[in-house]
Amino acid sequence: MKKYLLISVMVILIISVIVIIFFLSKKDNTLTGAIKKNDPEIEKLVTISQSEISAFVFVTQESQSDHRLNINLTPFLNLDIAEKEIKSFFIRNFKSKGQTGEVILIPPTDIPIDTVSRTFLFTVADTIKQSDIVSKGDSIEYEVVSQVTKYNQVRSKESISPYFGIIIKNVGTVNYKEIFERDGVFDGLKYLEYSGISLNKLDTEIQFDVYIEFTDSSKYAKRFKTILTGELFATQTAPLLPLEVVE
């Protein structure tokens, strides 16, 4: 009787462990999901000539005692198109996984690309507050034109470089007034140090898909992924990260 009871308990424990592992892995692995492979002929038409992303810490000044730290990520993505002309272009399925802050996809606006000064939100130069940094979804649709004059446009052929941004919002807080009164000086290069945040808490994984439809109705899709390692900020002000293709 005891033998059967022990076996039953062991079976229950094994099942419980399997269920727990399943749910934990499902919860943790947010950047999943397959993307359909391109037809080989379509794949050959698109060359990824540049695929990088830069990171930079910037601050929104809510008040003298409340300076909020954010990380701006600027993608440098260039696709060279051979032969075909495109009808539509999208960024889709934006996903992220991190420990600190809210990761937000920033769509481009229709302001001219020759604007002398613009914000990380593709607006004319002005003060940004936390309330301005809001999510507008996980996708972007671009206007396809023969010649790009606005940030929310891409060319219909040859070289395509979509503008968009990513912001990791509110990763830390600094009391500017308190530090200035304490030290008699405030070093703007030490915001991360002043905030006291552990750099590894800034580690963030980001993923998105590029979708192209050509005028002949053929389609191209490619997934890109990058990982921001917070420790990079210990030695670099604006680290440049590889934007890798997910096969």
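Structure shown above.
Residues numbered from 1 in each chain as written. Predicted model: local features only at pLDDT ≥ 70, side-chain atom pairs only at ≥ 80, totals over all residues. Heavy atoms only, no water.

The next thing to look at is the overall build of the chain. Tallying secondary structure elements over the chain gives 4 helices and 12 strands in all. Every one of the 247 residues in the chain was classed for burial, and the buried ones make up 38%. In the chain, the share of contacts with a sequence separation of at least 24, taken over all contacts with a separation of at least 6, comes to 69%. Just so you have it, the chain exposes about 14,300 Å², and 54% of that area is on carbon and sulfur atoms. (Helix = DSSP H or I, 4+ residues; strand = E, 2+ residues; numbered from the N terminus. Buried < 20%, exposed > 50% of the residue type's maximum accessible area, 1.4 Å probe, protein only. Contact = heavy atoms within 4.5 Å. Areas by Shrake-Rupley, 256 points an atom, 1.4 Å probe, with all protein chains shown as cover.)

Scanning all chains against the criterion turns up 10 salt bridges. Taking the shortest distance from any N to any O, the salt bridge between lysine 222 and glutamate 43 comes out at 2.8 Å. With a gap of 179 residues between them, lysine 222 in strand β10 (residues 219-228) and glutamate 43 in helix α2 (residues 40-43) connect regions that are remote in the sequence. What makes lysine 222 buried here is its relative accessible area of 8%. Across the pair aspartate 183 and arginine 182 runs a salt bridge, and its minimum N-O distance is 2.8 Å. Overall, arginine 182 belongs to the exposed group, its relative accessible area being 57%. A single salt-bridge network, built from bridges that share partners, covers Lys97, Glu205 and Lys225. (Salt bridge = Lys/Arg side-chain N within 4 Å of Asp/Glu carboxyl O.)

Mapped onto the secondary structure, lysine 169 falls in strand β8 (residues 165-174). Nearest to the buried, unbridged lysine 169 among oppositely charged side chains is glutamate 102, at 4.6 Å. Among the polar contacts listed, one links the side chain of lysine 169 to the backbone oxygen of glutamine 130, at a separation of 3.0 Å. Setting aside chain neighbours within four positions, we find lysine 169 in contact with Leu69, Asn70, Gly101, Glu102, Ile104, Gln130 and Ile133. (Lys, Arg positive; Asp, Glu negative; His and termini not counted. Polar contact = N/O pair within 3.5 Å; in protein donor to acceptor, adjacent residues only side chain to side chain.)

Right, let's get into the nonpolar core. Generally speaking, soluble globular proteins have nonpolar side chains that are buried together. Core analysis: the largest hydrophobic core is formed by 46 residues, its most contacted members being Ile71, Phe89, Ile166, Phe208, Val210, Ile212 and Phe233. For this core, the element with the most residues is strand β2 (residues 66-81), which contributes 6 residues. When residues no more than four places from it in sequence are discounted, the contact partners of valine 210 are Leu77, Leu79, Phe89, Phe90, Ile91, Tyr220, Ala221, Lys222 and Phe224. (Core = buried A, V, L, I, M, F, W, Y, C linked by side-chain atoms within 4.5 Å.)

Let's shift gears to the pairing of strand β5 (residues 140-145). Looking at chain direction, strand β3 (residues 86-98) and β5 are connected through 3 bridges and run antiparallel. Paired with phenylalanine 90 across the two strands is glutamate 141, which belongs to β5. (Pairing = 2+ DSSP bridges.)

Relative to β2, strand β1 (residues 46-63) runs antiparallel, the two sharing 16 bridges. If you follow threonine 60 over to β2, its bridge partner there is arginine 68. A loop of 2 residues connects β1 with β2, the two strands running antiparallel in sequence. With 3 bridges joining them, β1 and strand β11 (residues 240-242) adopt antiparallel strand pairing. Opposite glutamate 52, over in β11, you have proline 242 as the bridge partner.

On to unusual backbone geometry, then. Phi at glutamate 83 is positive, roughly 70°, even though this residue is not glycine. Summarising the element assignment, glutamate 83 is placed in the loop between β2 and β3. Phi is positive for asparagine 170, close to 55°, though the residue is something other than glycine. Locating asparagine 170 in the fold gives a position in strand β8.

Let's shift gears to helix α3 (residues 176-183). A side-chain oxygen of the first residue of α3 lies 3.3 Å from the backbone nitrogen of lysine 177; this N-cap is asparagine 175. One or two residues past the end of α3 sits glycine 184, with phi positive at roughly 80°.

Before going further, it helps to examine the packing of aromatic side chains. Per the stated rule, a full pass over the model turns up 10 aromatic pairs. Considering the side-chain rings of phenylalanine 89 and tyrosine 142, the 5.5 Å spacing of their centres and the 80° angle between planes classify their relative orientation as edge-to-face. Note that phenylalanine 89 is positioned in strand β3 and tyrosine 142 in strand β5, a separation of 53 residues in sequence. Exposure remark for phenylalanine 89: the relative accessible area of 0% places this residue in the buried category. Clustering of aromatic rings is evident, with ring pairs tying together Tyr176, Phe180, Phe186, Tyr191 and Tyr194. Here the basic side chain of arginine 92 rests over the ring of phenylalanine 90, its NZ or CZ set 4.1 Å away from the ring centre. When the ring centre of tyrosine 151 is taken as reference, the NZ or CZ atom of arginine 118 above it lies at 4.8 Å. (Phe/Tyr/Trp six-rings, centres within 6.5 Å; stacked < 30°, edge-to-face > 60°. Lys NZ or Arg CZ within 6 Å of the ring centre and 35° of its normal.)

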